[in-house]
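Residue strings, one per chain:
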Amino acid sequence: CVPANQERFADGKLVTVQFHPSAQVVMTAGHDRSLSLFQVDGIRNPRIQSIYLESFPIYKACFSVDGEQVIATGTHHRMFFVYDMMSGSIIPIQKVRGVEERFLRSFEISPDGSFMLVTGTSGYLYLLSMKTKELINTMKVNGRCTASAFTPDSSKIYSYSKEGEVFIWDVRSRKCLHKFEDEGSLEGKCIAVSKNNQYVACGSTSGVVNLYTTDVCLKENHPKPVKAIMNLVTSATCVTFNPTTEILAAASSETDEAVKLV
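Just so we're clear, the structure is a prediction, and the values are computed from it rather than from any experiment. (Residues numbered from 1 in each chain as written. Predicted model: local features only at pLDDT ≥ 70, side-chain atom pairs only at ≥ 80, totals over all residues. Heavy atoms only, no water.)

*Asks:* Can you walk me through the packing of aromatic side chains in this structure?
*Replies:* In this description, a pair of aromatic rings is defined by centroid distance and the angle of the planes. If you walk through the whole model with that rule in mind, you get 4 aromatic pairs. An angle of 90 degrees between the planes, with centres 4.8 Å apart, marks the rings of Phe56 and Phe81 as edge-to-face. You can see Phe56 sitting in the loop between strand 4 (47–52) and strand 5 (58–63) and its partner Phe81 sitting in strand 7 (residues 80–84), a full 25 residues away along the chain. We classify Phe56 as buried; its relative accessible area is 1%. Residue class for Phe81 comes out buried when judged on its relative accessible area of 13%. Ring centres of Tyr124 and Tyr126 lie 6.4 Å apart, and the angle between their planes is 20 degrees; on these two criteria the pair is classed as stacked. (Phe/Tyr/Trp six-rings, centres within 6.5 Å; stacked < 30°, edge-to-face > 60°. Helix = DSSP H or I, 4+ residues; strand = E, 2+ residues; numbered from the N terminus. Buried < 20%, exposed > 50% of the residue type's maximum accessible area, 1.4 Å probe, protein only.)

Rendered as structure tokens:
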């Protein structure tokens, strides 16, 4: 196959590559302050559009669930951008009222498309409405939150702390339902919940990825992993399940080609 972005390679590190939820389109975004969309035909992969965000190196970009918007956060900014795919307009969200953070970087969008969860510093989590981009509520974990994941039905949030604890939140009441310790975790890095809500995967700095069943996570404080995946030798920075929950991908951005499929 030809490179998906061959019509416009980035000038800097790419931080996001994502397929559109319904169209044959792929998005790339990165430190060169640009976001590009390509039509994926496998032959030429023509570029549809590139958007340049002045002095805004992108930290993360993500399609909304309906595919009509792209949300982009910067590496050192408290504001973020919303790109409206329908109108072609770029909307800057200068400040979210009630969110007192120097930078807004890491975020997740709920599978039902209703919420945007922003990870703050000092353990704060901000639940925003996807429709209005306004703050609904704030939650707080002990220590520092490094990663969060919604359950497939968007009813719960799993938040992984730097100290290796996982907090489970109820989205409607914003209350903490339960917390458990990730076995042997020195420092939490990434977390994923499978599409059928059967498994939770936790990746830590040691490179170990622990796989748990969700029912055990909701009951026990020190659950035993179904499997501990030891194949990565550097910090596990990304875990994700395939749509049918048959494969778990674990990767480390700290060394080349450190991607394992389980």
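*Asks:* I'm lost on the pairing of strand 21 (residues 238–241) in this one. Help?
*Replies:* Working note: regular strand, side chains alternate between the two faces of the sheet. Residues of strand 21 alternate between two faces, with Val239 and Phe241 buried on one and Cys238 and Thr240 left unburied on the opposite face. Where strand 21 folds back on strand 22 (residues 248–251), the antiparallel hairpin that results is connected by 6 residues, among which Thr245 adopts a positive phi of roughly 55 degrees. (Pairing = 2+ DSSP bridges.)

*Asks:* I keep staring at the environment of Arg33 and nothing clicks. Help me out?
*Replies:* Note on placement: Arg33 falls in the loop between strand 2 (25–30) and strand 3 (34–39). What makes Arg33 partly exposed here is its relative accessible area of 30%. Expressed as a C-alpha distance, the spacing of Arg33 and Glu220, which sit 187 residues apart in the sequence, is 44 Å. Apart from residues no more than four positions distant in its own chain, Arg33 is found in contact with Ile51, Tyr52, Leu53, Ser55, Phe56, Pro57 and Ile58. (Contact = heavy atoms within 4.5 Å.)

*Asks:* How should the sheet that holds strand 4 be read in this particular structure?
*Replies:* To summarise the sheet geometry, strands pair through backbone hydrogen bonds and adopt either a parallel or an antiparallel arrangement. In space, the 4 strands of this open sheet follow the order 1-2-3-4, with antiparallel pairing throughout. Strand pairing shows two members of the sheet lacking a second neighbour, strand 1 (14–19) and strand 4, which therefore form its edges. For this sheet the average axis-to-axis angle between neighbouring strands, irrespective of direction, equals 15 degrees. As paired elements, strand 3 and strand 4 share 5 bridges and run antiparallel to each other. When the bridges of strand 4 are listed, Ser34 appears paired with Tyr52. (Axes fitted to C-alpha atoms, helices over the stretch in contact; angles between N-to-C directions.)

*Asks:* Any chance you could explain the UniProt feature "repeat: WD" (unreviewed entry) in the protein chain here in plain terms?
*Replies:* UniProt records the feature "repeat: WD" (unreviewed entry) at residues 149–179, using the numbering of this structure. End-to-end, the C-alpha atoms of residues 149–179 are 14 Å apart, and along that stretch the chain is 0% helix and 58% strand. (UniProt positions renumbered as here; feature names shortened; annotations may be inferred.)

*Asks:* Looking at this structure, I do not really get the pattern of salt bridges. What am I missing?
*Replies:* Following the criterion strictly, the structure yields 6 salt bridges and no others. Among the salt bridges present, the one from Asp32 reaches Arg8, with a minimum N-O distance of 3.5 Å. Of this pair, Asp32 sits in the loop between strand 2 and strand 3 while Arg8 sits in the segment before strand 1; the two residues are 24 residues apart in sequence, bridging distant segments of the chain. (Salt bridge = Lys/Arg side-chain N within 4 Å of Asp/Glu carboxyl O.)

*Asks:* Got a minute to help me understand the environment of Asn197 in this structure?
*Replies:* Along the chain, Asn197 turns up in the loop between strand 17 (188–193) and strand 18 (199–204). Measuring from C-alpha to C-alpha, the distance between Asn197 and Phe150 comes to 10.0 Å, with 47 residues separating the pair along the chain. Leaving out residues up to four positions away in the same chain, Asn197 has contacts with Thr151, Pro152 and Thr214.

*Asks:* Could you clarify how one ought to interpret the pairing of strand 11 (residues 124–129) in this entry?
*Replies:* Within strand 11, 5 of the 6 residues are buried, leaving the element largely enclosed by the surrounding structure. Linkage of strand 10 (residues 115–119) to strand 11, two consecutive antiparallel strands, is achieved through a turn of 4 residues, within which Ser122 is found at a positive phi near 55 degrees. In textbook terms, the turn of a hairpin is the stretch between consecutive antiparallel strands, and for strand 11 and strand 12 (residues 135–140) this stretch comprises 5 residues, one of which, Lys133, has a positive phi near 60 degrees.

*Asks:* Hey, could you run me through the nonpolar core in this one?
*Replies:* Side chains of nonpolar character tend, in soluble globular proteins, to be buried together. In terms of nonpolar packing, the biggest core is built from 16 residues, with Met27, Leu35, Leu53, Ile58, Ala61 and Val70 touching the most fellow members. Elements supplying a minimum of two residues to this core: strand 2, strand 3, strand 5, strand 6 (69–74) and strand 7. With near-sequence residues (within four places) excluded, Ile58 lies in contact with Val15, Ala29, Gly30, His31, Arg33, Ser34, Leu35, Leu53, Ala72, Thr73, Gly74 and Thr75. Core analysis: the second largest hydrophobic core is formed by 15 residues, Cys62, Phe80, Ile93 and Met130 among them. (Core = buried A, V, L, I, M, F, W, Y, C linked by side-chain atoms within 4.5 Å.)

*Asks:* Even after reading the chapter, I still don't get the sheet that holds strand 5, so can you show me in this structure?
*Replies:* Taken together, the 4 strands give an open sheet; going across it, the order is 5-6-7-8, and neighbouring strands pair in antiparallel fashion. Two strands bound the open sheet, and with one partner strand each, they are strand 5 and strand 8 (90–93). Taking the axes of each pair of neighbouring strands and ignoring which way they run, one obtains an average angle of 20 degrees across the sheet. One ladder, built from 5 bridges, connects strand 6 with strand 7; its direction is antiparallel. Of the residues in strand 7, the one forming a bridge with Ile71 is Val82.

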